[in-house]
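Spelled out, the chains give:
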Amino acid sequence: MSKDPLLELKHVTQHFPISRSLTIEAVKDVSFSINPGQIVGLVGESGAGKSTLARSIMGLYRLTSGEVWFQGENSSNPNTYRKNRRSIHKNMQMIFQDSAAALNPRMTVVRIIAEPMTACGLCSGKELSTRIITLLEQVGLDESFCNKRPNELSGGQRQRVAIARAISTNPQLLVADEPVASLDVSIQAQILTLFQELQREYGFAFLLIAHDLSVIRLLCNTVGVMRQGHLLEFAECEELFQDPLHPYTKSLLSAIPTADPIRERSRKVLEFDSGSIPEAGTFHEVVKGHFLYE
Ligand SMILES: Nc1ncnc2c1ncn2[C@@H]1O[C@H](COP(=O)(O)OP(=O)(O)OP(=O)(O)O)[C@@H](O)[C@H]1O
Ligand SMILES: [Mg+2]
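Residues numbered from 1 in each chain as written. Chains lettered and ligands numbered in written order. Predicted model: local features only at pLDDT ≥ 70, side-chain atom pairs only at ≥ 80, totals over all residues. Heavy atoms only, no water.

Novice: Describe the packing of helix α5 (residues 109-119) against helix α7 (residues 155-167), with residues and values.
Specialist: Packing of α5 against α7 brings their axes to within 7 Å, and their N-to-C directions diverge by 30°. On the basis of their axis angle, the class for α5 and α7 is roughly parallel. Relative to α7, the crossing made by α5 is right-handed. Together, Val109, Ile112, Ile113, Glu115 and Pro116 of α5 and Val161, Ala164 and Arg165 of α7 make up the contact between the two elements. In the contact of α5 with α7, the residues fall into six nonpolar, no polar and two charged. (Axes fitted to C-alpha atoms, helices over the stretch in contact; angles between N-to-C directions. Helix = DSSP H or I, 4+ residues; strand = E, 2+ residues; numbered from the N terminus. Parallel < 35°, antiparallel > 145°, perpendicular 65-115°, else oblique. Left-handed = near helix turned anticlockwise from the far one by under 90°. Contact = heavy atoms within 4.5 Å. Nonpolar A, V, L, I, M, F, W, Y, C, P; charged D, E, K, R; others polar.)

Novice: I'd like to hear about the site of ligand 1, residue by residue, with values.
Specialist: For ligand 1, the set of nearby residues contains 15 residues, the closest of which are Ser46, Gly47, Lys50, Ser51 and Thr52. Separating an oxygen atom of ligand 1 from a side-chain N or O atom of Ser46 is a distance of 2.5 Å. Contact distances for ligand 1 include 3.1 Å between an oxygen atom and a backbone N or O atom of Ala48. Protein coverage of the free-state accessible area of ligand 1, which is 630 Å², stands at 66%. Mapped onto the shell around ligand 1, the elements with two or more residues apiece are β2 (23-34) and α1 (50-57). For the shell around ligand 1, the element with the highest residue contribution is α1, accounting for three residues. Within the shell around ligand 1, the residues separate by chemical class into five nonpolar, seven polar and three charged. (Near = heavy atom within 4 Å. Polar contact = N/O pair within 3.5 Å; in protein donor to acceptor, adjacent residues only side chain to side chain. Areas by Shrake-Rupley, 256 points an atom, 1.4 Å probe, with all protein chains shown as cover.)

Novice: Tell me what's going on with the sheet that holds β2, and back it up with residues and numbers.
Specialist: Across the sheet, which stays open at both edges, the four strands sit in the order β2-β1-β4-β5 with antiparallel pairing between neighbours. Each edge of the sheet is formed by a strand with only one pairing partner; in this case those strands are β2 and β5 (73-74). Strand direction decides the pairing type here: strand β4 (residues 65-70) and β5, joined by two bridges, are antiparallel. Across the sheet, residue Trp69 finds its bridge partner in β5, namely Asn74. Sheet strands in contact with α1 are β1 (7-17), β2 and β4, and its direction is about 115° off that of β1. (Pairing = 2+ DSSP bridges.)

Novice: Account for the coordination of the magnesium ion (ligand 2), with residues named and values stated.
Specialist: Within the first shell, the magnesium ion (ligand 2) binds the protein through Ser51 (OG) and Gln97 (OE1), at distances of 1.9 to 2.3 Å. Separated by 46 residues along the polypeptide, Ser51 in helix α1 and Gln97 in the loop between β6 (92-95) and α4 (99-102) bring together distant segments of the chain. A relative accessible area of 34% means that Gln97 is categorised as partly exposed. (Donors = N, O, S within 2.8 Å, 3.2 Å for Na, K, Ca; no water. Buried < 20%, exposed > 50% of the residue type's maximum accessible area, 1.4 Å probe, protein only.)

Novice: Explain the nonpolar core to me, using residue names and the numbers behind them.
Specialist: One recurring pattern in soluble globular proteins: nonpolar side chains tend to sit buried together. In this structure, Ile113, Phe195 and Phe206 are the most contacted members of the largest nonpolar core, which totals 55 residues. When neighbours within four sequence positions are excluded, Ile113 is seen to be in contact with Ile132, Leu135, Leu136, Val161, Ala164, Arg165 and Ser168. Membership of the second largest hydrophobic core comes to 30 residues, among which are Met92, Ala205, Met226 and Leu231. (Core = buried A, V, L, I, M, F, W, Y, C linked by side-chain atoms within 4.5 Å.)

Novice: Outline the environment of Leu219, listing residues and values.
Specialist: Along the polypeptide, Leu219 turns up in helix α9 (residues 213-219). For the pair formed by Leu219 and Gln196, sequence separation is 23 residues and the distance between their alpha carbons is 6.9 Å. Once residues lying within four places of it in the same chain are set aside, the contact partners of Leu219 are Ile39, Leu192, Phe195, Gln196, Phe206 and Leu208.

Novice: Just give me the short version of a nonpolar patch on the surface, but keep the residues and values in it.
Specialist: On the surface, a nonpolar cluster with roughly 270 Å² of combined accessible area is contributed by Ile18, Leu22 and Ile24. Relative to the helices and strands, Leu22 is located in the loop between β1 and β2. Assessed through its relative accessible area of 42%, Leu22 is described here as partly exposed. (Patch = residues over 30% accessible without salt bridge, like charges linked within 9 Å, V, L, I, M, F, W, Y side chains within 5 Å. Salt bridge = Lys/Arg side-chain N within 4 Å of Asp/Glu carboxyl O.)

This is the structure in structure tokens:
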């Protein structure tokens, strides 16, 4: 496995100008990297900037400032992006937060899954049909789904189609934005297990965005905590769970219920005082490889 990072974010900042006097600062000076095959979780409350960051990584926005490097090239540079568009599309795929909106309602499952492969010129004809059937089977569906449209599918089935589409190009990086948030709890577990199996089989690096730290702990080796556009902490999962450094991370962890009734009875949910986060600052590497926002 190559030691160079697959994805590197350097001071990524994304602002949305709303009016002359109002600018939403959705992502502020975020830096971290993901190695090939690494599974990274990104957690944070609603409005923290997680989806914006994911979309910025995918090249869906022009960055306000900072850089995104993918496979050794600055993919946030519009010229580089244009030049490498096919390779970036093939190697970086995303599963969106709202699967109902992300899948074209007019297209059949077959066309939805085929689209990235044909756009990247990967296969066609008989080979394409065989690949689609294999992909459907890999995500727990079968041939009978081929001609269905998204509105004929359940939420879980739609998410499986979105996953089949995303892995169809054998990407190096898969970004999944809250892929189970809108699903029933029982289906959530099935989809998370599916991600785990597919990641083992395909070996892609995986950026999993979730509200829920217990989901992240189940799947990820590394986790980043975001709040109000800042990346507060970025650390190995177990280290973060054992020894969270930022008060906000501590309050997030204290909110997770435990299965042990004695510990659960004495569990205290820590309040986080939002006033304690400064407006601007820099990252410092602190103890044990944690990165902490100061
Ligand atoms: N296209 C946009 N134009 C203007 N503001 C935006 C846009 N996209 C996001 N925002 C704002 O940026 C901030 C971060 O939003 P974002 O969707 O990235 O948060 P999130 O962490 O994904 O939240 P959630 O967990 O609810 O999905 C929010 O204040 C949001 O209103
Ligand atoms: Mg979001």
